Amino acid sequence: MNNQELTINWHIAEACNYVCRYCFAKWEKSGRELLHFSDGIAAMITEIAKLPVLFNQQKGTSFDSVRLNLVGGEPLLYKAQTMQIIRAAREQGLALSMVTNGSLLDDEWCEVIARDFKGIGISIDSVSGQTNLDIGRHAKNQLMPSEQVVRRIQAIRAGNPNIGIKINTVVNQLNYRENMADFIAEVAPDKWKIFKMLPMITEDLSIDDTQFQQFLDRHQEFHHLICSENNNEMVDSYVMIDPLGRFFRNSLQVCGGYRYSQPIYQVGAERALTEMYVDTEKYRQRYITIKQRKAA
Ligand code: SF4
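Computed from a prediction, not measured in an experiment: that's the story for all the values here.

Caption draft 1: Quick peek at the packing of helix α3 (residues 79–91) against helix α4 (residues 107–116). For the pair α3 and α4, the least separation of the axes is 12 Å and the interaxial angle reads 15 degrees. One finds that α3 runs roughly parallel with respect to α4. The interaxial crossing formed by α3 with α4 has left-handed handedness. Taken together, the residues of α4 that come into contact with α3 (itself represented by Lys79, Thr82, Met83, Ile86 and Arg90) are Glu108, Trp109, Val112 and Asp116. Grouping the amino acids of the contact of α3 with α4 by side-chain chemistry returns 4 nonpolar, 1 polar and 4 charged.

Below you can see the structure in the form of structure tokens.
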């Protein structure tokens with residue numbers, strides 16, 4: 001494997017201001033989430049910084065750096081705590097990115113993201129207000145207009161023209177017939193990641209391969225931006241940490257939930273990593289393909 005960046009997806013909080021029917025950000029929990037403890041955050045970031053070397057030792061990979069991708073739930077929900085994680089990560093020299101539903105992006109967040117982040121992903125499953133209401137992509141019936149997303153992305157780009165902008169879309173029963181071409185053309189993201197809804201926690205709104213393909217075919221003009229993932233490509237191929245600071249696995253063989261390691265910040269990354277499985281070939285395929293597309 002060529003030298004490359006290890007991406008760690010830390011789901012820092014389960015809570016979200018949206019209520020998507022197929023949300024799979026649900027973990028078995030006992031106790032408060034790690035982001036509420038300053039000492040825990042510092043210990044966790046220190047352990048995450050060790051992961052490229054530990055991966056190379058334990059899994060035979062060749063990672064030379066790490067990018068911490070903050071995900072949720074909604075990572076912008078707990079502002080002070082997320083800011084603390086960002087500061088700690090920058091002090092350790094980690095690259096940063098985030099996936100957010102975008103509804104809480106304000107001027108301050110746009111500035112921080114433009115200054116400290118390598119990339120930002122915004123999850124947009126539909127540009128139809130009714131579809132977003134039906135999916136549950138609203139905060140107490142409050143919708144985010146797509147013009148607001150465009151304005152926020154423009155502000156982030158104005159602060160950092162080199163930042164990577166990604167749109168994430170989950171294709172499901174309510175949007176697989178939709179045409180998002182005008183929106184994507186206006187945003188002009190560097191990447192459009194399109195997922196087939198993963199029936200991990202619920203099968204509500206799931207689709208079949210033909211319906212997924214229909215959505216992809218309708219947006220063929222953006223093939224140079226699109227990275228699509230079916231259910232098989234999505235499982236066992238991400239390195240993921242839950243809000244309690246444990247690695248977790250989303251294997252299709254583990255029905256109705258996840259498998260967890262012990263908390264990384266307590267037992268140390270070296271030991272926790274021995275309790276975690278990742279399909280390094282699938283991981284490699286995803287990130288190598290993205291690199292090759294960028295180079296093309
Ligand atoms: S926006 Fe994301 S985290 Fe929030 S409810 Fe929807 S799928 Fe879950």
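Caption draft 2: Structural context of helix α8 (residues 209–218). Restricting attention to buried positions, one finds in α8 the residues Gln211, Phe212, Phe215 and Leu216. Along the axis of α8, the buried positions cluster into a sector of 140 degrees, meaning they face one direction only. The exposed set on the far side of α8, more than 90 degrees from its buried face, consists of Asp209 and Thr210. At its buried positions, α8 is contacted by β5 (164–171), β6 (191–196) and β7 (226–229). A distance of 3.1 Å separates the backbone nitrogen of threonine 210 from a side-chain oxygen at the start of α8, and that oxygen is part of aspartate 208.

Caption draft 3: View of the environment of tyrosine 22. Looking at the secondary structure, you find tyrosine 22 in the loop between β1 (4–11) and α1 (38–49). Tyrosine 22 gets classed as buried once you look at its relative accessible area, which sits at 6%. Each C-alpha atom of the pair tyrosine 22 and isoleucine 135 lies 8.1 Å from the other, and the pair is 113 residues apart in sequence. If we skip the residues at most four places from it in the chain, tyrosine 22 touches Asp125, Ile135, Val170, Asn172, Met197, Thr202, Asp204 and Leu205. Separated by 2.5 Å, the side chains of tyrosine 22 and aspartate 125 make a polar contact. At a separation of 3.2 Å, a polar atom in the side chain of tyrosine 22 contacts the side chain of asparagine 172.

Caption draft 4: Layout of the pairing of β5. With 7 of 8 residues buried, β5 lies mostly within the body of the structure. Bridge count between strand β4 (residues 119–123) and β5: 5 bridges; the pairing is parallel. Counterpart to glycine 121 in the pairing with β5 is lysine 166. The pairing of β5 with β6 spans 6 bridges and is classified as parallel. Note on β6: the bridge partner recorded for valine 170 is phenylalanine 195. Assessed by its sense of winding, the connection that carries the chain from β5 through helix α7 (residues 181–187) to β6 is right-handed.

Caption draft 5: Structural detail: the site of the ligand. Cys16, Tyr18, Cys20, Cys23, Gly73, Asn101 and Arg137 make up every residue found near the ligand. Classifying every residue of the shell around the ligand gives 4 nonpolar, 2 polar and 1 charged.

Caption draft 6: Expanded view of the packing of aromatic side chains. Inspection of the entire model under this criterion finds 7 aromatic pairs. An angle of 80 degrees between the planes, with centres 5.8 Å apart, marks the rings of phenylalanine 55 and phenylalanine 63 as edge-to-face. Cation over ring: arginine 32 sits above phenylalanine 37, and NZ or CZ is 6.0 Å from the ring centre. The ring centre of tyrosine 260 lies 3.9 Å from the NZ or CZ of arginine 246, which sits over that ring.

Caption draft 7: Examining α1 more closely. Helix length check: α1, at 12 residues, gives a terminal C-alpha distance of 17 Å against a target of 16 Å (1.5 Å per residue), a fit within 8%. Residues of α1 that are buried: Gly40, Ile41, Met44, Ile45, Glu47 and Ile48. Seen from one end, α1 has its buried residues packed into an arc of 160 degrees, which puts them on one side.

Caption draft 8: The side chain of arginine 67, seen in detail. Relative to the assigned elements, arginine 67 resides in strand β2 (residues 63–71). Taking relative accessible area as the criterion, arginine 67 reaches 16% and is therefore assigned buried. A distance of 3.2 Å separates polar atoms of two side chains, one belonging to arginine 67 and the other to glutamate 5.

Caption draft 9: How the structure looks around the pairing of β1. Where burial is concerned, most of β1 is hidden: 8 out of the 8 residues are buried. Taken together, the 8 bridges between β1 and β2 define a ladder with parallel strand orientation. In the strand pairing of β2, leucine 6 is matched with valine 66. One ladder, built from 3 bridges, connects β1 with strand β8 (residues 239–241); its direction is parallel. Bridge pairing links isoleucine 8 to valine 239 in β8.

Caption draft 10: Seen up close, the pattern of salt bridges. A complete count under the given rule lists 15 salt bridges for this structure. Across the pair lysine 118 and glutamate 5 runs a salt bridge, and its minimum N-O distance is 2.6 Å. Of this pair, lysine 118 sits in the loop between α4 and β4 while glutamate 5 sits in strand β1, and the two are 113 residues apart along the sequence. Classification of glutamate 5 as buried rests on a relative accessible area of 19%.

Conventions adopted
Residues numbered from 1 in each chain as written. Predicted model: local features only at pLDDT ≥ 70, side-chain atom pairs only at ≥ 80, totals over all residues. Heavy atoms only, no water. Axes fitted to C-alpha atoms, helices over the stretch in contact; angles between N-to-C directions. Helix = DSSP H or I, 4+ residues; strand = E, 2+ residues; numbered from the N terminus. Parallel < 35°, antiparallel > 145°, perpendicular 65-115°, else oblique. Left-handed = near helix turned anticlockwise from the far one by under 90°. Contact = heavy atoms within 4.5 Å. Nonpolar A, V, L, I, M, F, W, Y, C, P; charged D, E, K, R; others polar. Buried < 20%, exposed > 50% of the residue type's maximum accessible area, 1.4 Å probe, protein only. Arc of directions from axis to C-beta. Polar contact = N/O pair within 3.5 Å; in protein donor to acceptor, adjacent residues only side chain to side chain. Pairing = 2+ DSSP bridges. Right-handed = clockwise from strand over helix to strand, strands pointing away. Near = heavy atom within 4 Å. Phe/Tyr/Trp six-rings, centres within 6.5 Å; stacked < 30°, edge-to-face > 60°. Lys NZ or Arg CZ within 6 Å of the ring centre and 35° of its normal. Expected span 1.5 Å × (residues − 1). Salt bridge = Lys/Arg side-chain N within 4 Å of Asp/Glu carboxyl O.

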